[in-house]
Amino acid sequence: MTRRSLLRGAALGAGAVTLPTLLAACGSGPGGDGKTVTLGSNASDEVPRKAFQDAFDLFEKKSKKSVEVNTVDHNTFQENINRYLQGQPDDVFMWFAGYRMQFFAERGLLTDISDLWKGFDGFSGALKDQSTGADGKQYFVPYYYYPWAVFYRKSVFEQGGYEIPTTFDQYTALAKQMQKDGLVPFAFGDKDGWPAMGTFDYLDMRANGYEFHKSLMAGEESWTDPRVREVFDLWRGLMPYHDKGANGRTWQEAAQSLAQKKTGMAVLGLPHPGQQFPEADREDLDFFPFPEISPEHGQDAVEAPIDGFLMSSKVKNEEGARELMKFLATPAAEDAYLKSDPNNVAVHSGADTSAYSTLQKKAAEMVSNAKQISQFLDRDTRPDFASTVMIKALQDFIDDPDDIDGLLGGIESQKKTIFTESQE
Amino acid sequence: MPLVTHARRTRRRGPRRFTRRDLAVIGVLLGFTILLDLFIIWGPTVASVTLSFSSWDGLSDLSWVGGDNYDTLAGGDYPPFWPAVRNNLLWIAFLGLVATPFGLLLAVVIDRGVRFSRFYQSTIYLPVVLSLAVVGFIAQLIFSRDQGALNAILGNENNPTDWLGDRDLNIWMVLLAAGWRHTGYVMILYLAGLKAVAPELKEAAAIDGANERQTFLRVVFPTMRPVNVVVLVITVIEALRAFDIVYAINKGRNGLELLSVLVTDNIIGEASRIGFGSAIAVVLLTVSLGFIVTYLVQEMRGEEHR
């Protein structure tokens, strides 16, 4: 009854403390009644959240099934996605097209929906490519996208007598002219680390083509390749025309400087500059596609991140989930969404475009004419490579554009470490 | 005192010291504490150290890579690492050598009873109530290049200083903001400490012919030893766990790298370089252990002397 029994008492006490939590952990989990489809949503902002709800309401009305939406803060959802998919994911969840979808497909976390795709219409070949895993099967239902382009104010261009540049030489000449006129040619903010990726992607795709860009992102090309060096050389040539101090400026501040006519142009995505413009000035906002660098590649590729839906491999109500996925691939579903969120463009060719703003119409046209669609650097490559290597590398480049060789050597050696890690 | 003697007698009687109920109570209390200790402190520590020798993305199978992660760190194949170590050390140095002594100075001045001392006291203490994330946000309002208050006051429209974007400058601005908060914290602790110093001690020193400086350095300051220890520990902890302020400003990039941020960047999020992030965490643990061990050794020695 001395030490041993005391220890036994301690062990029992420990058991008494943990047991209830274990029991609680086992007890949860709703039973599938075949009527309810659960859906994991990262649309935590007011506008998209409401817009999605409109679309799901329409589905509930049509199918007599109910959708249980679990909304999680956008960034939190993204950061926890690995644990989410391994734990008890919802039947259907929102995610991105391209490499970041393929990554999960390869690990067996998604349900193949190739048979559903056979019945889909109105999606371009580029969209199908982005919905396809590395194994050639489809996993993704695209929903909407927003293209990246060079934004400007029509009134500023009119006032200065500027022409829309279609080649890189014209682009540089225009920047030079703007600088002479006392305007900062390019608004630029990269404090958040990702906005500069848009410029890099376009420079690379225009100079070296989409295929090279894709394999560079997949880790198959060397970053010390002269073709990559050329991209950074071109960029360095433009650097004197970019607004100084980009590493300390958010993209919002950059877009505001465009609105205030302090800067002339900005490489941004469709939803970005509009939000920063006062209501009255929104009509004055316009964009043109990133100019051509090599005639071989022209202006073929468009950077247009696609958002959409995936079905997890642990789906509980597969029948209901499939019906929902099928519904989400219809123009009606996209219309229901876009009615409340005018910052994106529907992917389906049959979607109703009559309510589009002029900017949306132009964006839709640009994307539907694209020969290839890229997804943005942080969606086209491994997330660890994008976040731990590329963000710092691009900020280093902005800070000191002259040491390109050192920079690229550094990227390449880190790439080797990351791409060989856990690839067996 | 018959009760006490009775208790003593029963204790001497033999091994039967606890009733069943005592045992249950001790069992639950001790068991709970042991569990907490194991699960919250030792478990994660051992797991981190173990994982730091692996490569794992949280999804695929874990593979053991030996010391590769540490090679990558030390060999400069991970550029943010050394700046982060430097910044952490800089943080300790700044808080320890600038902010803490300044807090002590303020405490002494206020304790001597300047006019409006209560006003100063609350104003200087105010930032302590704010979380570092809020301090980071305030720092942005002041130091932003295009829209910040400081550049507006300085009026250098044409070539504004990029307080937070210039990587040679921003760490100092952040240290200033962090120090602003730390100073108030230290001041309050020392104010309490100074109040606790018996006035007789000061009088005795004065009678012995000590001037004010001597009184403070030789008598008052050493008397506050317990407070000094607390302040020292807090300073080191604050410096090593610094995270939220740089994260609020620019996610701890572009000159504001810290070890804690690198751990987060690698482990949390889609990146999920869990093995590699753990290796950085172990480095941080080692640095912390250096301070903890020194402190404990000092403490134990002090106890023996007392």
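Residues numbered from 1 in each chain as written. Chains lettered and ligands numbered in written order. Predicted model: local features only at pLDDT ≥ 70, side-chain atom pairs only at ≥ 80, totals over all residues.

Draft legend 1. Structural detail: the overall build of chain B. The helix and strand tally for chain B stands at 14 helices and two strands. Taking 19 Å as the expected radius of gyration for a compact globule of 306 residues, we find that chain B reaches 26 Å, considerably beyond that expectation. Reported as C-alpha extents along the three principal axes, the dimensions of chain B are approximately 85 × 70 × 30 Å. If you take every contact in chain B between residues at least 6 apart in sequence, the share linking residues at least 24 apart comes to 65%. (Helix = DSSP H or I, 4+ residues; strand = E, 2+ residues; numbered from the N terminus. Rg over C-alpha atoms; globule rule 2.2 N^0.38 Å. Contact = placed C-beta atoms within 7 Å.)

Draft legend 2. Highlighting the overall build of chain A. For chain A, the count of helices and strands is 20 helices and twelve strands. Scaling as 2.2 N^0.38, a compact globule of 424 residues should have a C-alpha radius of gyration of about 22 Å, and chain A matches this with 24 Å. Based on the C-alpha atoms only, the size of chain A along its principal axes is roughly 90 × 60 × 40 Å. Across the 424 residues of chain A, 49% fall into the buried class. The contacts of chain A with a sequence gap of at least 6 include a subset with a gap of at least 24, amounting to 79%. (Buried ≥ 20, exposed ≤ 12 C-beta atoms within 10 Å, placed from the backbone.)

Draft legend 3. Representation of the sheet that holds strand 4 (residues 140-145) of chain A. With mixed pairing, the six strands of this open sheet are ordered in space as 2-1-3-10-4-11 (chain A). Either end of the sheet is taken by a strand with one partner, and the two such strands are strand 2 (66-71) and strand 11 (345-346) of chain A. (Pairing = 2+ DSSP bridges.)

Draft legend 4. Up close: helix 2 (residues 46-63) of chain A. Residues and elements named next belong to chain A. Taking 1.5 Å of rise per residue, the 18 residues of helix 2 would be expected to cover 26 Å, and the 26 Å separating its terminal C-alpha atoms lies within 8% of that figure. Along helix 2, the residues classified as buried are P48, A51, F52, A55, F56 and F59. Buried residues of helix 2, seen end-on, are gathered within an arc of 135° and therefore sit on one face of the element. Facing away from the buried surface of helix 2 by more than 90 degrees, the exposed residues are E46, D57 and K61. Looking at the buried residues of helix 2, the elements they touch are strand 1 (36-41), strand 2, helix 15 (318-328) and helix 16 (331-338). K64 lies just past helix 2 and shows a positive phi near 65°. (Expected span 1.5 Å × (residues − 1). Arc of directions from axis to C-beta.)

Draft legend 5. Layout of the sheet that holds strand 8 (residues 285-288) of chain A. All names here are of chain A. An order of 6-7-5-8 is seen for the four strands of this open sheet, with the pairing classed as mixed. The sheet terminates laterally at strand 6 (184-186) and strand 8, the two strands that pair on one side only. The mean inter-strand angle of the sheet, taken between neighbouring strand axes irrespective of direction, is 30°. The sheet contact formed by strand 5 (residues 148-153) and strand 8 spans four bridges and is antiparallel. Note that in strand 8 the partner of R153 across the bridge is L285. Most of the contacts of helix 13 (residues 251-259) go to strand 7 (residues 263-269), to which it runs at about 140°, and overall it touches strand 5 and strand 7. (Axes fitted to C-alpha atoms, helices over the stretch in contact; angles between N-to-C directions.)

Draft legend 6. Spotlight on the domain arrangement of chain B. Split into domains, chain B comes out as domain 1 (2-46) and domain 2 (81-256). For domain 1 of chain B versus domain 2 of chain B, the distance between C-alpha centres works out to 43 Å. (Domains from an automatic or database assignment.)

Draft legend 7. A look at the nonpolar core. Counting residues in each nonpolar core, the largest one holds 118 residues, and the members touching the most others are A:V92, A:M101, A:F151, A:A266, A:L310, A:M325 and A:V367. Top element by residues in this core is helix 19 (residues 383-399) of chain A. It accounts for eight residues. Counting contributing residues, this core receives three or more from each of domain 1 (36-145 + 306-364) and domain 2 (148-303 + 382-420) of chain A. Counting 59 residues, the second largest nonpolar core, distinct from the first, contains B:W91, B:A99, B:Y247 and B:L259. (Core = buried A, V, L, I, M, F, W, Y, C linked by C-beta atoms within 7 Å.)

Draft legend 8. Local environment of the domain arrangement of chain A. Residue and element names in this part refer to chain A. Here chain A is described as being made up of domain 1 (36-145 + 306-364) and domain 2 (148-303 + 382-420). Between domain 1 and domain 2, the C-alpha centre-to-centre distance is 29 Å. The interface of domain 1 with domain 2 comprises six residues on the first partner and six residues on the second. Contributing elements (two or more residues each) for the side of domain 1 that touches domain 2: helix 5 (99-106) and helix 17 (358-368). Residues belonging to the side of domain 1 that touches domain 2 are distributed by class as follows: three nonpolar, two polar and one charged. (Nonpolar A, V, L, I, M, F, W, Y, C, P; charged D, E, K, R; others polar.)

Draft legend 9. The arrangement of unusual backbone geometry in detail. The backbone phi angle of A:K64 is positive, close to 65°, even though this residue is not glycine. Here A:K64 lies in the loop between helix 2 and strand 2. Even without a glycine there, the phi angle at B:K251 is positive, about 60°. By the element assignment, B:K251 lies in the loop between helix 12 (244-250) and helix 13 (259-267).

Draft legend 10. Structural detail: the environment of B:S131. Looking at the element boundaries, B:S131 is found in the loop between helix 5 (117-129) and helix 6 (132-143). Sequence-wise, B:S131 and B:I245 are 114 residues apart; in three dimensions their C-alpha atoms are separated by 8.6 Å.

Draft legend 11. Broad picture of the confidence of the model for chain B. Residue and element names in this part refer to chain B. Per-residue confidence for chain B gives a mean pLDDT of 86; residues scoring 70 or more make up 93%. No element of chain B has a lower mean pLDDT than helix 1 (residues 2-13), at 49, and none a higher one than helix 4 (residues 81-111), at 93. Taken together, the stretch residues 1-5 has pLDDT below 50 and engages in zero contacts with residues farther than four places along the chain or on a different chain. Counting contacts from residues 7-11, a segment whose pLDDT is below 50, to residues more than four positions away or on other chains yields one contact. Across the interface, the model reports ipTM at 0.78; the global pTM reads 0.82. (pLDDT = per-residue confidence, 0-100.)

Draft legend 12. Structural detail: the packing of helix 2 of chain A against helix 16 of chain A. Residues and elements named next belong to chain A. Here helix 2 crosses helix 16 at 145°, and the two axes come no closer than 7 Å. Considering the relative orientation of helix 2 and helix 16, their crossing is right-handed. Residues A51, F52, D54, A55 and L58 of helix 2 pack against A332, A333, A336 and Y337 of helix 16. Residues of the contact of helix 2 with helix 16, tallied by class, amount to eight nonpolar, no polar and one charged. (Left-handed = near helix turned anticlockwise from the far one by under 90°.)

Draft legend 13. Representation of helix 11 (residues 210-217) of chain A within the structure. Residues and elements named next belong to chain A. When helix 11 is considered as a whole, its buried residues turn out to be Y210, H213, K214, L216 and M217. Buried residues of helix 11 fall within an arc of 160° about the axis and therefore sit on the same side. Opposite the buried face of helix 11, by more than 90 degrees, sit the exposed residues E211 and S215. Directly after helix 11, the chain includes G219, whose backbone phi takes a positive value near 85°.

Draft legend 14. Region of the structure containing the confidence of the model for chain A. Per-residue confidence for chain A averages 88 on the pLDDT scale, and 91% of its residues sit at or above 70. Note that residues 12-31 of chain A has pLDDT below 50 and, in this model, 14 contacts with residues that lie over four places away or in other chains.

Draft legend 15. Here's a closer look at the pairing of strand 4 of chain A. All names here are of chain A. Buried residues dominate strand 4, accounting for six of its six residues. The pairing of strand 4 with strand 10 (residues 306-311) spans five bridges and is classified as antiparallel. By the bridge assignment for strand 10, F140 is matched with L310. In this sheet, strand 11 lies alongside strand 4 in antiparallel orientation, the contact comprising two bridges. In the strand pairing of strand 11, Y144 is matched with A346.

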